[in-house]
Protein chains: 2
Amino acid sequence: MPGIIERFRSYLDLPDGVDPVTLSEGSTPLISMPRLASDLGAVELHIKFEGSNPTGSFKDRGMTTAITAAVSRGASAVICASTGNTAASAAAYAARAGLRCVVLLPHGKVASGKLAAAYTHGAEVVEVEGSYDEALGLARRLSERTSINLVNSLNPYRLEGQKTAAFEISESLGAAPDWVALPVGNAGNISAYWMGFRQLADLQGGDLPRLLGVQASGSASLVEGRVIDHPETVASAIRIGNPARGEQALRAAEESSGRIIAVPDHAILDAQRDLAHQGLWVEPASAAGLAGLRSEVEAGRLDLSGQRVVCICTGHGLKDPHVPAGPTTLIQPRLQDLEELLNL
Amino acid sequence: MPGIIERFRSYLDLPDGVDPVTLSEGSTPLISMPRLASDLGAVELHIKFEGSNPTGSFKDRGMTTAITAAVSRGASAVICASTGNTAASAAAYAARAGLRCVVLLPHGKVASGKLAAAYTHGAEVVEVEGSYDEALGLARRLSERTSINLVNSLNPYRLEGQKTAAFEISESLGAAPDWVALPVGNAGNISAYWMGFRQLADLQGGDLPRLLGVQASGSASLVEGRVIDHPETVASAIRIGNPARGEQALRAAEESSGRIIAVPDHAILDAQRDLAHQGLWVEPASAAGLAGLRSEVEAGRLDLSGQRVVCICTGHGLKDPHVPAGPTTLIQPRLQDLEELLNL
């Protein structure tokens, strides 16, 4: 299967005549979850599993477009501020293109394990004595003065690529679903989905979905209408207090007759466990969509009867594998011991 | 994209009339690597990136078939002995099917991080005071006495599923490649590829590829013709001293006019790094195929001019993310400092 630029080129606002820099991203599974649908009272529930992308998260959709555009503009290098998924994706696609890649990190705020991908793809990793915002500001200023391209989601080509997931969902289902629920961190992804669904409706007609954007309670800037100085949540991929695309996301939710809500960490972890018990291991943030749907249904604010629902799971569980080990029992290698333990 | 059973059902020896237990495995990318091809003197080199499967490794192809067959036979549960990828895949597909899953581990030989997936999917994890072979023996004996199905690769449905990767490669290229290089651990996968390519050639005509199976030097049982009591290699997924499908693998290599060779760990790690520098992060074992090709070409034992080559990369780098952190430099958030550091 070709990557998203080759599949959707005529729908994308990209420079002409450039060969795509691709790792065969996109074409991710849409997996039906009948038991979870039934619990919610919905007629159908599907998971769009973005963890199957080459670097394990949805970021690859926007990075193939951002890096392709960088090559077409003759960029000498690319730069991003990141603490995880963006760095991995930028480093992989820059490597694919043979471009230099610089990753700026806020000093002391990043688990070294999260950067394994950036190192292994050969990116130059620089720690900045300051916050994430300072690191991003520095990357931005450098990109304005040089031919080094910024590939954070402020880069409009990122959203151009990310919107293709909406195309794939409508293609798989034959129409847009009634509801799309997804995590909201920097708010670029919900904005991109809305761009994608609107573009399809403009071109081909058909209905638009309603969007349920879900923040974590400890990082609920859009729900609370303020910058959160010290965002906290177990869902590290949405631990963001001042979303770069916040206004665009609020507009998308409103235009879709949907909304942005917040759910507590325990609801996110419950949803993550329940998805795993249906066969899909996603990173905690990716379970926010399902947690949000449940919270709305349980509170009587959402009736999903007759509705077709899609939850976006943005990253693989392997991205954030710090699962508490479960109980193990030690036995002798004797059949009788095993049979007793398993109550056979 | 549907899973492999739906795509290839008429080619698979599976019980009739059962709904597939699927997580949309397969349809993994085949990624062209022109720079690496040129280094080898080959006309084309493609990577079959099996890390894009739902649990991050090729095991999912064989698990959809094994678990589907288990459901069709009315299994009460499934069991496997494992130290990693098999456990993750068995746990995920059993969860998808609503089947009980038991994972047996040799005590003290398993890094707990490797089991995160099994725990999170709700498998029952049992440690056995003994070796991997003893754990496997126990699982096997239990499966013979009860309606609990063994889903280790001794289960023939595993290979039925795994052979579908050969179908996908031939479909993508329009024909079988000239060479297929891949890691050899328990030797089930090379056997399955050979089954797949032969089946296609029997049904549709066309040439067969030559197979280059690659073991790690410290675990080179098939190359040395003996059981390795204490197999050692950095490539944990092929750290196996007594391959269950060893004879079948040797026959496959011979029938294909190919061979099975061994390469040292440093060659595997070099190949892993070079793949990452082209954008693909694979687990160490997955780089063995490329390392083997290089070793044969450099020694003058293999001439790839005019040849079309495919390397099978069996698992994602996220499966084994213990990459040594690279150098980082700490700077103040000042543009000048960053420019100096980057030699701009």
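This structure is a prediction, so every number in the text was calculated from the model and none was measured.

Colleague: Which residues make up the interface of chain A and chain B, and what values go with them?
Modeller: Facing the 71 residues of chain A at the interface are 71 residues of chain B. Taken together, both faces of the contact between chain A and chain B bury some 5900 Å²; the carbon and sulfur share is 63%. Here chain A is connected to chain B by 2 salt bridges. With its nearest N and O atoms 3.1 Å apart, the salt bridge here joins Glu339 of chain A to Arg145 of chain B. Taken together, the residues of the side of chain A that touches chain B sort by class into 39 nonpolar, 19 polar and 13 charged.

Colleague: Before we move on, could you go through the relation of the copies chain A and chain B and cite the residues and values that matter?
Modeller: Between the two copies of the chain lies a relationship made up of a rotation around an axis and a movement along it. Rotating chain A by 180 degrees and translating it 0.0 Å along the rotation axis places it on chain B, where the RMSD comes to 0.0 Å. The superposition operator between the copies reduces to a two-fold rotation axis. Across chain A, the smallest distance between a C-alpha and the rotation axis is recorded for Ser52 of chain A, namely 2.4 Å. In this assembly, 100% of the residues forming the interface of chain A have copies in chain B that are likewise at the interface, indicating an isologous arrangement.

Colleague: Go over the environment of Thr164 of chain B, please, and point to the residues and values.
Modeller: All names here are of chain B. Topologically, Thr164 is positioned in helix α8 (residues 164–173). The class for Thr164 is buried, based on a relative accessible area of 0%. Along the sequence, Thr164 and Leu12 sit 152 residues apart, while their C-alpha atoms lie 8.7 Å from each other. One polar contact links Thr164 to Arg61, side chain to side chain, over a distance of 3.1 Å. Looking at Thr164, its side chain comes within polar contact range of the main-chain oxygen of Gly161, at 2.7 Å.

Colleague: Could you give an account of the state of the cysteines, naming the residues involved and the relevant values?
Modeller: Think of a disulfide as a covalent bridge from one cysteine sulfur atom to another cysteine sulfur atom. Counted according to the given criterion, the structure contains 0 disulfides over all chains. Summary of cysteine pairing: Cys311 of chain A is not part of a disulfide, and the nearest cysteine sulfur, belonging to Cys313 of chain A, is at 6.3 Å. Of all cysteine sulfurs, the one in Cys80 of chain B lies closest to Cys101 of chain B, which takes part in no disulfide; the gap is 5.5 Å.

Colleague: Give me the packing of helix α3 (residues 59–72) of chain B against helix α4 (residues 85–97) of chain B: which residues, what numbers.
Modeller: Residue and element names in this part refer to chain B. The contact between α3 and α4 brings their axes to 9 Å, and the two run at 45 degrees. Classified by the angle between their axes, α3 and α4 sit oblique to one another. For the pair α3 and α4, the crossing hand works out as right-handed. Judged by residue contacts, Lys59, Asp60, Met63, Thr64, Ile67 and Val71 of α3 engage Asn85, Thr86, Ser89, Ala90, Tyr93, Ala94 and Ala97 from α4. Across the contact of α3 with α4, the residue classes tally to 7 nonpolar, 4 polar and 2 charged.

Colleague: Break down the confidence of the model for chain A for me, with residues and values.
Modeller: Averaged over all residues, the pLDDT of chain A is 94; the fraction at 70 or higher stands at 97%. In the predicted complex, the global pTM is 0.96; the interface-specific ipTM is 0.95.

Colleague: If you had to explain the packing of aromatic side chains to someone new, which residues and values would you point to?
Modeller: All names here are of chain A. Taken as a whole, this structure holds 6 aromatic pairs over all chains when the rule is applied. Aromatic side chains Tyr11 and Phe167 sit 5.2 Å apart centroid to centroid with 50 degrees between the ring planes, which places their arrangement in the tilted category. Of this pair, Tyr11 sits in the loop between α1 (4–8) and β1 (30–32) while Phe167 is found in helix α8 (residues 164–173), placing the two residues 156 residues apart along the sequence. Residue Tyr11 is classed as partly exposed on the basis of its relative accessible area of 24%. Each residue in the set Phe8, Tyr11 and Phe167 is aromatic and connected to the rest through ring pairs, giving one cluster.

Colleague: Outline the pattern of salt bridges, supporting the account with residue identities and numerical values.
Modeller: Residues and elements named next belong to chain B. Under the definition given, this model contains 34 salt bridges over all chains. The salt bridge involving Lys163 is made with Glu160; its shortest N-O contact spans 2.8 Å. Judged on exposure class, the residue Lys163 and its partner Glu160 are both buried.

Colleague: Provide a residue-level description of the pairing of strand β10 (residues 308–313) of chain A, including the pertinent values.
Modeller: All names here are of chain A. Across the 6 residues that make up β10, a large majority, 5, are buried. In the sheet, strand β2 (residues 44–49) pairs with β10 via 6 bridges, with the strands oriented parallel. The residue of β10 that forms the bridge with Glu44 is Arg308. Where strand β7 (residues 179–183) lies against β10, 3 bridges are found, and the strand directions are parallel. The residue bridging Ala181 from the neighbouring strand is Cys311, located in β10.

Colleague: Now, about helix α12 (residues 265–276) of chain A: what can you tell me, with residues and values included?
Modeller: For α12 of chain A, which comprises 12 residues, the first-to-last C-alpha distance of 17 Å matches the rise-based estimate of 16 Å (1.5 Å per residue) to within 8%. If you check which residues of α12 of chain A are buried, you get Ala267, Ile268, Ala271, Gln272, Asp274, Leu275 and Ala276 of chain A.

Colleague: I'd like a description of the packing of helix α9 (residues 188–204) of chain B against helix α11 (residues 246–255) of chain B, backed by residues and values.
Modeller: Residues and elements named next belong to chain B. The contact between α9 and α11 brings their axes to 8 Å, and the two run at 45 degrees. Classified by the angle between their axes, α9 and α11 sit oblique to one another. Crossing handedness for the pair α9 and α11: left-handed. Taken together, the residues of α11 that come into contact with α9 (itself represented by Ile190, Ser191, Trp194, Met195 and Arg198) are Gln248, Ala249, Ala252 and Glu255. Counted by class, the contact of α9 with α11 contains 5 nonpolar, 2 polar and 2 charged residues.

Rules of the game
- Residue positions are counted from 1 within each chain, in the order its sequence is given.
- By the order in which they are written, chains take letters starting at A while ligands take numbers starting at 1.
- Where local features are concerned, this predicted model is filtered to residues with pLDDT of at least 70; where side-chain atom pairs are given and counted, the filter is 80 or more; whole-chain, interface and lining totals use all residues.
- Calculated side-chain values reflect all of the structure's heavy atoms, with hydrogen atoms and water omitted.
- In this description, contact between two residues means that some pair of their heavy atoms is separated by no more than 4.5 Å.
- The term buried area denotes the loss of accessible surface (1.4 Å probe radius) that occurs when two parts are joined, taken as the sum for both partners.
- The salt bridge definition used is simple: a Lys or Arg side-chain nitrogen within 4 Å of an Asp or Glu carboxyl oxygen.
- Side-chain classes are defined by residue name, with Ala, Val, Leu, Ile, Met, Phe, Trp, Tyr, Cys and Pro counting as nonpolar, Asp, Glu, Lys and Arg as charged, and the others, Gly among them, as polar.
- We superpose the copies by least squares over the C-alpha atoms of residues that have a pLDDT of at least 70 in both of them.
- Numbering goes from the N terminus for both helices and strands, where a helix is a DSSP run of H or I of at least four residues and a strand is a run of E of at least two.
- When a residue's accessible area, from a 1.4 Å probe over protein chains only, is under 20% of the maximum for its type it is buried; when over 50% it is exposed; and in between it is partly exposed.
- For the purposes of these results, a polar contact is taken to be a pair of N or O atoms within 3.5 Å, where, inside protein, one atom must be able to donate a hydrogen and its partner to accept one; residues adjacent in sequence count only when each atom of the pair is a side-chain atom.
- Defined by distance alone, a disulfide is two cysteine sulfur atoms within 2.5 Å.
- Note on geometry: axes are C-alpha line fits, over the in-contact stretch for helices, and angles between N-to-C directions span 0 to 180 degrees.
- For classification purposes, an angle smaller than 35 degrees is called roughly parallel, one larger than 145 roughly antiparallel, one from 65 to 115 roughly perpendicular, and anything else oblique.
- Left-handed describes a crossing whose near helix is turned anticlockwise from the far helix through less than a right angle; right-handed describes the clockwise counterpart.
- On a range of 0 to 100, pLDDT expresses the predictor's confidence in each residue.
- Note on aromatic pairs: the rings of Phe, Tyr and Trp (six-membered ring only in Trp) are paired at centre separations within 6.5 Å, and the planes decide the class, stacked below 30 degrees, edge-to-face beyond 60, tilted for the rest.
- Strands were regarded as paired on the criterion that DSSP finds at least two bridges between them.
- The span expected for a helix works out to 1.5 Å for each residue beyond the first.

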